[in-house]
Amino acid sequence: MPPPPPVPRDPSAPDGGRPAAPRTGGRRRAEDRPPGASGGHRLPGGEPARHRARQAPAPRRPAPVENRSGPAPAGGAATDPADGAETGPIPHPGHPGGWGDCPGQADLGATPGPAAPPAPGRGHGQGHAQGHGHGHGHGAASPAGRRVRRLLVALLVPCALATLAGVALLWPGATPVPEIPPTQQVHGTVTAVQVADCSPGAGDRRCTGVTVALSDGPRAGRDLVQLVPNEPSTPRFAVNDPVTLSWSGANPDDAGSYQLVDFQRGAPLGWLAAAFALAVVVLGRLRGFAALVSLALSFVILLWFVLPAILSGGSPLAVAVTGACLIMFVVLYLTHGFTARTSCAVLGTLASLALIGVLGYLFTVTSRLTGLDDTTATLIGTLGPGVPIDPRGLVLAGLVIGALGALDDVTVTQASAVWELGAANPELGVRELFAAGMRIGRDHVASAVNTLVLAYAGAALPLLLLFTVAAGGVTQVLTSQDVATEIVRTLVGSIGLVAAVPVTTGLAALVVGRR
C-alpha cells in the first residue's frame, strides 16, 4: 500500500509550514491524519474500509442533540450528552454505509473537540454500538439485594439469640449419681483358650476357659481365668485378643468379681478415623478441614450440653432442639462461611426443625408411643427414681438430632444449586430460579428420603427380624411399640426433608434473583 502524498509546505505559516509530527502510541487523531486516511487499509477512492458499519443504522432520535464540538453534521449520528456514545453510524462523504461502529473514529468533517467522559457505571463496550454493541455492568449490588440480605440478618439474629438463651437456661447442673454404682473397666490380653466344664467336676465340657493377662486395674500384671458358656449369643475369643473386663469393685483376687464383656476396639477405630480424616482433607482441602473441626464441635456439644442437660432433668425435646440449632449454626457457618448462601441454608434448616418437632410431638402423643424400649428401661433402672427421665421425650430428641444431618445436606445442596444457576445465567429471575431449583430438589428429596428410610431400617434390622419371626402378621409387626417408633421417626423426618426443599429454594431464589 503506497504511503499518502506529502503535504506541501507553506512558508508563510508560523511554524514554517512543517507538518506536525503525528503522535506515537495509540490511534492518531483525525487532525493528525492526512486527508482521506483512516488508520486502516484504503478502498479505491480513498474510503476507509476498516470501520465500516456491520449493522443497519439505529433509529435516529426525534431531534438532533448538539455535542460539545457543535451540531451533528447532516445525516450523521447524534451524540447523547449523558454518555458521549454515538447512537448511529457517522456516514463518511462518498461512503453511504458510514463507519461509526468504532469509538476511536471521528467525523472528518467535524471540528475536533474534547471527548465527553463516559457515564458512570457504563461498561467498556458502550461505544461499540453498531460493531458489537455490548456492555458490562460491573457495578455494586442493587438496593433490592441489600434489602434481602438485611432481611436475612433480621431473621437470623433473633434465632441465634434464642438459641443462646436456650443454652443458658438449659445448661446442665450437677451430674446425677446413679443408684447402681457403675462398674470399673479393666483391660487385658487373652493368653490361652481351652474347653472346660461350666462347674468343677460336671464333665459337660460346655464352657470355654479364657486366660487373660490384665494390663491395668488392681490385678495388673497377673493372670485371670474366666469361664464363658458356649452359646450362640456368646462371642468367641482367641489368643492375643485384646479384651475388656468389668470389675464390680469387690475382692480383686476373686475371679467372680470380674466379667469378660467385650473386645478392645480403640486401635482399629483410630486408624479408621485417621483414614476418614485424610480422605476428607485430601478431597475438600481447607473446606474439608473445616468440616472435620465442625464434626468435632458437634460431638462436644452433644457430650457437654445435650446429654448432661437431659440427665439433669431438662426436657429432652427442648434440649434436643436447642442443641440441634447450636450445632447447625456452628457447623454450617464454620464449614461454608458467613455468606448469604449459608444463611439461606440455615433458615431452611431452622424451619424444617421446627416442623419436625411439632409433628413428632403430635404423632408420638396420638399414636401413644411410650418410648419404653429395653435400652430406655435399663437407663431408668440404673438412674433410679431420683433422676426423672421422660421416655417419650427421648424419642423426640432422637428424632430431631437424627434428622439434622440429612437436613444440612438438603438445605446446603439446594442453596448451592440456586447460586450456581444464577451464576450460569444471570438473566434468570426469581420464578425461573425457583422452578429450576425445585427440579433439582425433587430428585434430591427422592434420594434423601430413601436414604433416611434405609438408614433407620438398617439400624433396626435385628428388631425387624425378631418381630417378623415372633409376630403373627405384618400389621402386628408395624404397629408394635419398637417398630412404630422407628416408623414415626422415619416419616416425620422425611416430611421435614420435603419441606426443607421449597423453603430453602425459595429463599435462595429470592436472594439470587434480586441481588
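The structure displayed is predicted, hence computed values, not measured ones.

Q: Which residues make up the state of the cysteines, and what are the values?
A: In this structure the tally under the stated criterion is one disulfide. A sulfur-sulfur distance of 1.9 Å marks the disulfide that ties C198 to C207. Measuring the twist about the S-S bond at about 100°, one finds the C198-C207 disulfide to be right-handed. Residue classification places C198 among the partly exposed residues on the basis of a relative accessible area of 34%. Here C159 stays free of any disulfide, with the sulfur of C325 as its closest cysteine sulfur at 7.7 Å.

Q: Can you lay out the side chain of D241 for me, pointing to particular residues and giving the numbers?
A: Inspection of the secondary structure puts D241 in the loop between β3 (223-229) and β4 (242-247). Of the polar contacts made by the side chain of D241, one reaches the backbone nitrogen of A238; its length is 2.7 Å. With residues up to four places along the chain from it excluded, the contact list for D241 reads G188, T189, V190, R236 and F263.

Q: How would you summarise the pattern of salt bridges if you had to cite specific residues and measurements?
A: Counting across every chain of the model gives four salt bridges. The partner of D253 in a salt bridge is R219, with the nearest N and O atoms 3.5 Å apart. With D253 in the loop between β4 and β5 (258-263) and R219 in the loop between β2 (207-214) and β3, this residue pair connects regions lying 34 residues apart in the sequence. Close ionic contact of R489 with E486 constitutes a salt bridge, the shortest N to O distance being 3.2 Å. With R489 and E486 both in helix α10 (residues 481-513), this residue pair falls three residues apart, about one helical turn.

Q: Kindly report on unusual backbone geometry, identifying the contributing residues and their values.
A: Backbone geometry places N240, a non-glycine residue, at a positive phi of 75°. Following the sequence through the fold, N240 ends up in the loop between β3 and β4. With a relative accessible area of 59%, N240 lands in the exposed category. Positive phi, close to 55°, is recorded for R285, a residue that is not glycine. Topologically, R285 is positioned in helix α2 (residues 266-311). Using a relative accessible area of 65% as the deciding quantity, one classes R285 as exposed.

Q: Can you lay out the packing of helix α6 (residues 391-424) against helix α7 (residues 430-459) for me, pointing to particular residues and giving the numbers?
A: Contact geometry for α6 and α7: axes closest at 10 Å, N-to-C directions at 160°. By the criterion of interaxial angle, the relationship of α6 to α7 is roughly antiparallel. Crossing handedness for the pair α6 and α7: right-handed. Residues G402, D409, V410, T413, Q414, A417, V418, L421 and G422 of α6 touch α7, and the partners they reach there are L433, A436, G437, I440, G441, H444, A448 and Y456.

Q: Explain α6 to me, and be specific about the residues and the numbers.
A: With 34 residues, α6 extends 50 Å between its outermost C-alpha atoms, agreeing within 8% with the 50 Å of an ideal straight helix rising 1.5 Å per residue. Roughly 30° is the biggest bend found in α6, and it falls at L404.

Q: Which residues make up the pairing of strand β1 (residues 184-196), and what values do they have?
A: As defined by bridge partners, β1 adjoins β4 across six bridges and the pair is classed as antiparallel. Paired with Q184 across the bridge in β4 is W247. Bridge analysis of β1 against β2 gives eight bridges, and the strand direction is antiparallel. Note that in β2 the partner of T189 across the bridge is A213.

Q: Quick rundown of the pairing of β4? Include the residues and the values.
A: Most of β4 is tucked away, with five of its six residues classed as buried. As paired elements, β4 and β5 share five bridges and run antiparallel to each other. Residue pairing for β5: S246 is matched across the bridge by Q259.

Q: With reference to specific residues and values, describe the nonpolar core.
A: Formed by 60 residues in total, the largest nonpolar core has its most connected members in V346 and L350. Looking at this core, the elements with two or more residues in it are α1 (143-170), α2, α3 (316-336), α4 (340-366), α6, α7 and α10. For V346, the contacting residues outside a window of four places in its chain are L156, M328, F329, L332 and Y333. Counting residues in hydrophobic clusters, the runner-up holds 13 residues, among them V190, L224, V228 and W247.

Q: Report on the packing of aromatic side chains, specifying residues and quantitative values.
A: All chains considered together, the criterion is met by five aromatic pairs. Geometrically, the ring pair formed by F329 and Y333 is stacked, given 6.4 Å between the ring centres and 15° between the ring planes. Taken together, the residues F329 and Y333, both in helix α3 and four residues apart, mark about one turn of the helix. Y333 shares its class with F329; the two are buried. Measuring from centroid to centroid gives 4.9 Å for Y333 and F338, while their planes differ by 10°, and the two rings are stacked.

Q: Would you mind going over the environment of G209 in detail, with residue names and values included?
A: Tracing the sequence through the fold places G209 in strand β2. Sequence-wise, G209 and D197 are 12 residues apart; in three dimensions their C-alpha atoms are separated by 8.4 Å. The residues contacting G209, other than those within four sequence positions of it, are A192, V193, Q194, A196, Q226 and L227.

Q: Break down the packing of α3 against α4 for me, citing the residues and quoting the values.
A: Interhelical geometry of α3 versus α4 gives an angle of 160° and a closest axis separation of 10 Å. On the basis of the axis angle, α3 is roughly antiparallel to α4. At the point where α3 passes α4, the crossing takes the right-handed sense. Of α4, the residues touching α3 (which contributes A324, C325, M328, F329, L332, Y333 and H336) are T342, S343, A345, V346, T349, L350 and L353. Within the contact of α3 with α4, the residues separate by chemical class into 10 nonpolar, four polar and no charged.

Q: Explain the sheet that holds β5 to me, using residue names and the numbers behind them.
A: Two strands in a sheet stick together by hydrogen bonds in their backbones, pointing the same way (parallel) or opposite ways (antiparallel). Ordered in space as β3-β2-β1-β4-β5, the five strands form an open sheet in which the pairing is antiparallel. Lying at the two open borders of the sheet, with one neighbouring strand each, are β3 and β5. Between one strand axis and the next, the sheet turns by 45° as a mean value, whatever way the strands run.

Q: I'd like a rundown of the confidence of the model for the chain, residues and numbers included.
A: Across the chain, pLDDT averages 75, with 70% of residues at or above 70. Note that pLDDT drops below 50 for residues 20-144; the model gives that stretch 138 contacts with residues more than four away or on any other chain.

Here is what the cut-offs are and how they apply
As a convention, each chain's residues are numbered from 1 in the sequence order in which they are written. Two thresholds apply to this predicted model, a pLDDT of at least 70 for residue-level local features and 80 or more for giving and counting side-chain atom pairs, whereas whole-chain, interface and lining totals are computed over all residues. With hydrogens and water excluded, all non-hydrogen atoms of the structure serve as input to the side-chain values. In what follows, a disulfide is any cysteine sulfur pair within 2.5 Å. Burial here depends on accessible area, computed with a 1.4 Å probe over protein chains only, as a share of the maximum for the residue type. Under 20% is buried, over 50% is exposed, and the range in between is partly exposed. Working definition: helices are DSSP H or I runs of at least four residues, strands are E runs of at least two. Numbering for both runs from the N terminus. A 3.5 Å cut-off defines polar contacts: any pair of N or O atoms within that distance qualifies, except that in protein one atom must be a possible hydrogen donor and the other a possible acceptor, and neighbouring residues in sequence count only when both atoms are side-chain atoms. Here, residues are in contact when the closest pair of their heavy atoms is within 4.5 Å. For salt bridges, the criterion is a side-chain nitrogen of Lys or Arg within 4 Å of an Asp or Glu carboxyl oxygen. Lines fitted to C-alpha atoms define the axes, with helix axes restricted to the stretch in contact, and inter-axis angles between N-to-C directions lie between 0 and 180 degrees. Throughout this description, any angle smaller than 35 degrees is read as roughly parallel, any larger than 145 degrees as roughly antiparallel, any in the 65 to 115 degree range as roughly perpendicular, and the remainder as oblique. We call a crossing left-handed when the near helix sits turned anticlockwise from the far one by less than a right angle, and right-handed when that turn is clockwise. Multiplying 1.5 Å by the residue count of a helix minus one yields the expected span of that helix. Note that bend, as reported per residue, equals the angle between axes fitted to the 7 residues terminating at that residue and the 7 residues originating from it. When DSSP locates at least two bridges between a pair of strands, those strands are taken to pair. What makes a nonpolar core is a set of buried Ala, Val, Leu, Ile, Met, Phe, Trp, Tyr and Cys residues whose side-chain atoms join them at distances within 4.5 Å. By convention, a stacked pair of Phe, Tyr or Trp rings (six-membered ring in the case of Trp) has centres within 6.5 Å and planes under 30 degrees apart, an edge-to-face pair has planes over 60 apart, and any other such pair is tilted. For this classification, Asp, Glu, Lys and Arg are treated as charged, while Ala, Val, Leu, Ile, Met, Phe, Trp, Tyr, Cys and Pro are nonpolar and the rest, including Gly, are polar. A score from 0 to 100, pLDDT tells how confident the predictor is in each residue.

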